[in-house]
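The chain contents come next:
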Amino acid sequence: MIYNFLLNIISKYYLIDENIYLLELLKTCSFSDVFFEKVEILATNLVNENRKNMELDSITNILNEYNLSTREGVQMMCLAESLLRIPDFYAGSSFIKDKISFQEWQYYYKSDYWKIIIYNMIIDFVAGFFYENDSSIDEEFIIFCFKKTIIFFSNYIMRNIGKKFVYAKTANSAIKKALSDKNFYSFDMLGEAALTFYDARKFFNQYQLAISNIKKTFLGAKRCKIPTISIKLSALHPKYSFYNRKRVLRDLIPMLKLLIIDIKLANSFLTIDAEECDRMELSLQIFNIVFYSGYCLYWNGFGIVVQAYSKRALPAIYWLNKIAYIRQTKIAIRLVKGAYWDYEIKHVQTLNLNLYPVYTKKFCTDLSYLLCTVYLLSKTCCNNVLPQFATHNIQTIAFTMVLGKNKHYEFQKLYGMGNDVYYTLDSLYNIKCREYAPIGAYKELLPYLVRRLLENGANSSFVNKVVNKNINLKNLVESPLFCKDNKYNKIIPTPNDIFGGRRTPIFFYNLNISFHYYNFYKKILYFGYKTWFASSCSLKKKIKMISRNPANEYDILGITHHDTNINFAMNILKKSFNFWRLISIGKKVSMMKKFIVLLQKNFIELIVLCCKEAGKTILDSISDIKEAIDFCKYYTNQANEICNRFQLPSYTGENNIYIIEGRGIIATISPWNFPIAIFCGQTISALITGNVVLAKPAESTSLIAYRIFQLLYKAGFPLSVCQIIIGKGSNLGNKISCHRDIYGVIFTGSNKVANSINRNLLMRDNRPIHKLIAETGGLNAMIADSSTLVEQLVIDILESSFKSCGQRCSALRILYINEEIYYETIKILLSSLCNLKIGNPLDIKTDIGPVITKQNLNNLKKYINSINKEKYYFIQKKYKKGNFLNPTVIRVNGIKDLKSEQFGPILHVVLYKNEQINYIIKEINNIEFGLTFGIHTRNESFYKYLSNKLNIGNIYINRSTIGAIVGMQPFGGCNLSGTGPKAGGPNYINSLINEKTITINTTAQGGNVELLNE
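What you see is a predicted model; the values in this text were computed from it and never measured.

Here's the deal with the overall build of the chain
And then number 1: Across its full length, the chain holds 36 helices and 28 strands.
And then number 2: When burial is assessed residue by residue, the chain has 59% of its 1014 residues classed as buried.
And then number 3: When contacts within the chain are restricted to residue pairs at least 6 apart in sequence, those whose partners lie at least 24 apart make up 77%.

With respect to the pattern of salt bridges
Where charged atoms of side chains with opposite charge meet at close range, the side chains can pair.
And then number 1: As enumerated under the stated definition, the model contains 26 salt bridges in all.
And then number 2: A cluster of three or more residues bridged by salt bridges with shared partners is formed by Glu 275, Glu 276 and Arg 279.

Quick word on the packing of helix α34 (residues 917-926) against helix α35 (residues 940-949)
The geometry of a pair of packed helices is captured by two quantities: the angle between their axes and the separation between those axes.
And then number 1: Closest axis-to-axis distance for the α34/α35 pair is 10 Å, and the angle between their directions is 30 degrees. Classified by the angle their axes make, α34 and α35 are roughly parallel. Seen along the crossing, α34 lies across α35 with a hand that is right-handed. The residues of α35 that touch α34, namely those facing Ile 917, Asn 918, Ile 921 and Asn 925, are Phe 942, Tyr 945, Leu 946 and Lys 949.
And then number 2: The residue makeup of the contact of α34 with α35, split by class, is five nonpolar, two polar and one charged.

Let's talk about the packing of aromatic side chains
And then number 1: Going through the model one piece at a time under the given rule, you end up with 36 aromatic pairs.
And then number 2: Consider the rings of Tyr 879 and Phe 884, whose centres lie 5.4 Å apart with planes at 50 degrees: the pair is tilted.
And then number 3: In this structure Phe 884 comes out as buried when scored by relative accessible area, which is 9%.
And then number 4: Among the aromatic residues, those joined into a cluster by ring pairs are Phe 242, Tyr 509, Tyr 517, Tyr 518, Phe 520 and Tyr 521.

With respect to a nonpolar patch on the surface
And then number 1: Where nonpolar side chains cluster on the molecular surface, the patch consists of Leu 258, Ile 261, Leu 265 and Tyr 295 and spans about 350 Å² of accessible area.
And then number 2: Counting through the fold element by element, Tyr 295 comes out in the loop between α13 (280-291) and β4 (302-307).

With respect to unusual backbone geometry
Comment: phi is negative for the bulk of residues other than glycine, and the bulk of peptide bonds are trans.
And then number 1: Following Gly 980, the chain continues into Pro 981 via a peptide bond in cis, with omega recorded as -5 degrees.
And then number 2: Along the chain, the position of Pro 981 falls in the loop between β27 (974-975) and β28 (993-1001).

Points about the sheet that holds strand β12 (residues 646-648)
And then number 1: Read from one edge of the open sheet, three strands run β12-β13-β28, paired in antiparallel fashion. A strand with exactly one partner marks an edge of an open sheet, and here the two such strands are β12 and β28. The average angle at which neighbouring strand axes cross in this sheet is 30 degrees, direction not considered.
And then number 2: For strand β13 (residues 654-662) and β28, the ladder comprises nine bridges, and the chain directions are antiparallel. Counterpart to Asn 656 in the pairing with β28 is Thr 999.

Overview of the pairing of strand β22 (residues 888-891)
And then number 1: Two strands pair when backbone bridges link them, and strand β21 (residues 872-874) and β22 are joined in this way by three bridges, in the antiparallel orientation. In the strand pairing of β22, Phe 874 is matched with Thr 888.

Describing the environment of Lys 530
And then number 1: Mapped onto the elements, Lys 530 comes out in the loop between α22 (514-526) and β9 (532-535).
And then number 2: Residues Lys 530 and Leu 609, spaced 79 residues apart in sequence, show a C-alpha to C-alpha distance of 9.4 Å.
And then number 3: Excluding residues within four positions of it along the chain, Lys 530 makes contact with Leu 557 and Glu 605.
And then number 4: There is a polar contact of 3.0 Å between the side chain of Lys 530 and the side chain of Glu 605.

Some words on the environment of Ser 173
And then number 1: Its location among the elements puts Ser 173 in helix α10 (residues 171-179).
And then number 2: Measuring from C-alpha to C-alpha, the distance between Ser 173 and Asn 213 comes to 9.9 Å, with 40 residues separating the pair along the chain.
And then number 3: At a separation of 2.9 Å, a polar atom in the side chain of Ser 173 contacts the side chain of Thr 170.

Side note on helix α17 (residues 394-403)
And then number 1: For α17, the tally of buried residues reaches nine of 10 residues, placing the bulk of the element in the interior.
And then number 2: Within the span of α17, buried status applies to Ile 394, Gln 395, Thr 396, Ile 397, Ala 398, Phe 399, Thr 400, Met 401 and Leu 403.
And then number 3: Among the residues of α17, the N-terminal cap falls to Asn 393, whose side-chain oxygen and the backbone nitrogen of Gln 395 are separated by 2.9 Å.

Focus: the packing of helix α31 (residues 790-802) against helix α32 (residues 822-833)
And then number 1: Viewed as axis vectors pointing N to C, α31 and α32 meet at an angle of 50 degrees, and their least axial separation amounts to 10 Å. Between α31 and α32, the crossing angle belongs to the class labelled oblique. Considering how the two elements wind past one another, α31 and α32 form a crossing that is right-handed. Residues Val 790, Glu 791, Leu 793, Val 794, Ile 797, Leu 798 and Phe 802 of α31 touch α32, and the partners they reach there are Glu 824, Thr 825, Ile 828, Leu 829, Ser 832 and Leu 833.

Notes on the sheet that holds strand β16 (residues 722-724)
And then number 1: Strand order across the open sheet formed by five strands is β16-β15-β14-β17-β18, with parallel pairing between neighbours. With partners counted over all chains shown, the strands left at the sheet margins are β16 and β18 (771-775), one partner each. Taking the axes of each pair of neighbouring strands and ignoring which way they run, one obtains an average angle of 15 degrees across the sheet.
And then number 2: Relative to β16, strand β15 (residues 692-696) runs parallel, the two being bridged by three bridges. The residue of β16 that forms the bridge with Val 693 is Cys 722.

What about helix α33 (residues 854-865)?
And then number 1: Look at α33: 16 Å from first C-alpha to last across 12 residues, which is about the 16 Å you get at 1.5 Å a residue.
And then number 2: Within the sequence span of α33, burial applies to Leu 857, Leu 860, Tyr 863 and Ile 864. Down the axis, α33 shows its buried residues gathered within 125 degrees of arc, on one side only. Seen from the buried face of α33, the exposed residues on the opposite side, beyond 90 degrees, are Gln 855, Lys 862 and Asn 865.
And then number 3: Contacts from the buried residues of α33 go to β21, β22 and β23 (906-912).

Quick look at the environment of Lys 588
And then number 1: Within the secondary structure layout, Lys 588 lies in helix α24 (residues 585-601).
And then number 2: According to the relative accessible area criterion, Lys 588 is buried, its value standing at 5%.
And then number 3: Each C-alpha atom of the pair Lys 588 and Gly 690 lies 8.6 Å from the other, and the pair is 102 residues apart in sequence.
And then number 4: The residues touching Lys 588, leaving out its near neighbours within four places in the chain, are Trp 580, Arg 581, Ile 583, Leu 687, Ile 688, Gly 690 and Phe 717.

Some points on the confidence of the model for the chain
Atomic detail in the predicted coordinates should be set aside for any region of low pLDDT.
And then number 1: In this model, the chain carries an average pLDDT of 85, and 83% of its residues clear a pLDDT of 70 or more.
And then number 2: Counting contacts from residues 101-127, a segment whose pLDDT is below 50, to residues more than four positions away or on other chains yields 53 contacts.

Here we look at the pairing of strand β19 (residues 781-784)
And then number 1: Alternating residues of β19 divide into Ala 781 and Ile 783 and Met 782 and Ala 784, and every residue in both groups is buried.
And then number 2: Where β19 and strand β20 (residues 814-818) come together, four bridges link them in parallel fashion. Bridged to Met 782 within β20 is Leu 815.
And then number 3: In this view, the connection linking β19 to its parallel neighbour β20 by way of α31 has right-handed handedness.

Criteria and cut-off values
Residues numbered from 1 in each chain as written. Predicted model: local features only at pLDDT ≥ 70, side-chain atom pairs only at ≥ 80, totals over all residues. Heavy atoms only, no water. Helix = DSSP H or I, 4+ residues; strand = E, 2+ residues; numbered from the N terminus. Buried < 20%, exposed > 50% of the residue type's maximum accessible area, 1.4 Å probe, protein only. Contact = heavy atoms within 4.5 Å. Salt bridge = Lys/Arg side-chain N within 4 Å of Asp/Glu carboxyl O. Axes fitted to C-alpha atoms, helices over the stretch in contact; angles between N-to-C directions. Parallel < 35°, antiparallel > 145°, perpendicular 65-115°, else oblique. Left-handed = near helix turned anticlockwise from the far one by under 90°. Nonpolar A, V, L, I, M, F, W, Y, C, P; charged D, E, K, R; others polar. Phe/Tyr/Trp six-rings, centres within 6.5 Å; stacked < 30°, edge-to-face > 60°. Patch = residues over 30% accessible without salt bridge, like charges linked within 9 Å, V, L, I, M, F, W, Y side chains within 5 Å. Areas by Shrake-Rupley, 256 points an atom, 1.4 Å probe, with all protein chains shown as cover. Pairing = 2+ DSSP bridges. Polar contact = N/O pair within 3.5 Å; in protein donor to acceptor, adjacent residues only side chain to side chain. Expected span 1.5 Å × (residues − 1). Arc of directions from axis to C-beta. pLDDT = per-residue confidence, 0-100. Right-handed = clockwise from strand over helix to strand, strands pointing away.

Written as structure tokens, this is what we have:
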């Protein structure tokens, strides 16, 4: 019952209009003028005292001098993010050269800036002596000395920045340090979400060890002095997501109960940290289950963090208060502003949701924080929660102090931030705060350090503003409650406006949100036992075929009727071309809009069909359909602009008209791996430009293609202008490409078949020169140098190589890993492969579905068996039914070892040394495939060098090599990987049209009337 309450109260607030929402909340708040006067007086006093007593250390000086409004500040942040984890000198030197360009920084050689950075040491000596006193010294030698010095001191400074924000390297040293420290702490073990179960176990052991040390060290100490522990639930399970919740609940809740037993014996508190918005509901569900267990009854030490930047913050606090009241046990609620804001904005844009789950203006977050504070300090909550306010904002502190007079609450701050603010608070009002103190080695601190640098250096940060004495005092102490402005940040486009309003992305569900998840699965169940039928329009006898699920050979999906002849369809299309050519673009666009609406209405059925027939997972199927709709909108917008009559410049007495028309019959031959996106993209691009279309879908996904054509006909496209022909490629391919009436072919598939189509088209005598658009896959590579973040690299490898069971033309086939990070990468990669679930694509928990056909599966197995067993790794798991193949990693010497593309979950890996880069570039270019390429590095010069040297169609830097977005990343290769133009690009439909010019001599009827009238 309680969890259902959570779903209803919290989940529905995930996407809500912030203007309306905040306005409604503000109506419930009413404060007197006297209250605001007290807040302003208190805040002004705190700011003045803070500025008067402020002592900035060297690191703070650096962060203030190089703030994020300057280019140098951004470069400093990049240094902090990467430098400490680069293992080899070569990459480190190159990285610093990137970030500190000596041409750009020459102004600082003689200035105080460098004195701040290196504490008046070697650089001051180098700059002063060589540049001012001795002009005869070789300038190259000066620069050499300067570079070496920068490398040394950049490392030194970044380590000191780390010390500013990280309390200690280990839990043991942190606890010993805290014993002699006057401050109070909440310890957090640094680290992001666990990638493997080994990582999860490591974090759990760290938490247990820290609690054990607290118990031993602080035995008999006052409760307020004993450090508390904050934990990240995603660090305790590598599959931490809402749709994996059954497995997560099974594994994680016993671990939490063990930690609670230990923390109670240590007389301390345990707090669950807040993470990304997608993980919020799962965290609350876990908290609910553990809180209602006997382990927490009448124990007030179990807490949770709520992020004020989330629109669900207040509903979440409301729910926590309710369950605390029912249980008669207090909950410690730490209220924070939030730490993943930039990630949330980008994530929702990629999901195409209509609104953001977080506030888009800083002041809205501040306002939300105050509204949450009002509720936490209200009479409703006073007996149920222990409020903990984590803030460095003096205005927020003053508001809380005035509102919370004579009430029990606690202030908290981040270690290394807001020290002067809370020193002032302690000296004036004797108010202590608890510090959130991260613990970890330098390697673990980097993601956390970047967030702290961003927070400290951002122009909107209060910590930044209070240091800057040029900022008006009134602006610092003004309450967000007084702001009358529109709440939405117009600088940040809504996901619907990413394309400037020209193309609205399709809204769909976020399956990590329970409200979306359950609505989605209710609709999925409707199509669970449906069967489908597919046939072309020919009246001739057809071959009857049974369509089966590649994940379960006993699951019959429906019947397809295969054609062996294309003449019937060709005759219809030939007669219909002139009719379709003369239909106005406006009418075609109208039909296309109806078709897009029908795709959206039938979205769920297409997902089920895509999962069952193509073996694609639910998330991959959703992406496939979204891409299809994007293609339709993109090509329709383009055709609407160019497929019109245009008046050209003319001499007097003459009229010149420019007309765009279709070519004739275009054959589209689409693959099974993108049965909706590519099939729709090919068909729609040809239709909307005035061509008639003969569509030949892949035999394996004929049911999907036929369902698409049913929707086309329902949208108003005449049966006579788009004909589907179903059958085997070996039977129909030659007949299509040899037919004399084909004006062009759009093909996606193998290089071998593309060459065969091209030869057939060329061999036709006395026929117009054909147009062939072919995208033919490739041996896609990725290079990772030693500066890359290994955890991020592994995430991108898993997505690039194994998503869609590796059955994408853009999938990663060979990975070059620098020798410095090779063994670490392989260790994490192989451990991560064990976490992937292989099975039924209709199960949302499935990561990898089946190989499309038994024949393809046998070919892949045959290839793997041909490799020396000592050179490959795979998961030892067998499957009783379905075309399943374990993800496999094979060691090779280079791309020359790959004789052909293996279209499945197979990745080849190569260890390389820095001096081999030019040889690798030459080797990749020599194989003449050029579809996708990935680069993982933090060295800008390195990825620019590779990008310029490589002959590749799509290059991806520090991300996966799959998932090109229509209009953003036009997709297509060169050389053996395709003819161009790129799909989803500005030139695609231009290759499907004919241009006609009509010139009229208007004086032929007796004179130039217009000129004479002048």
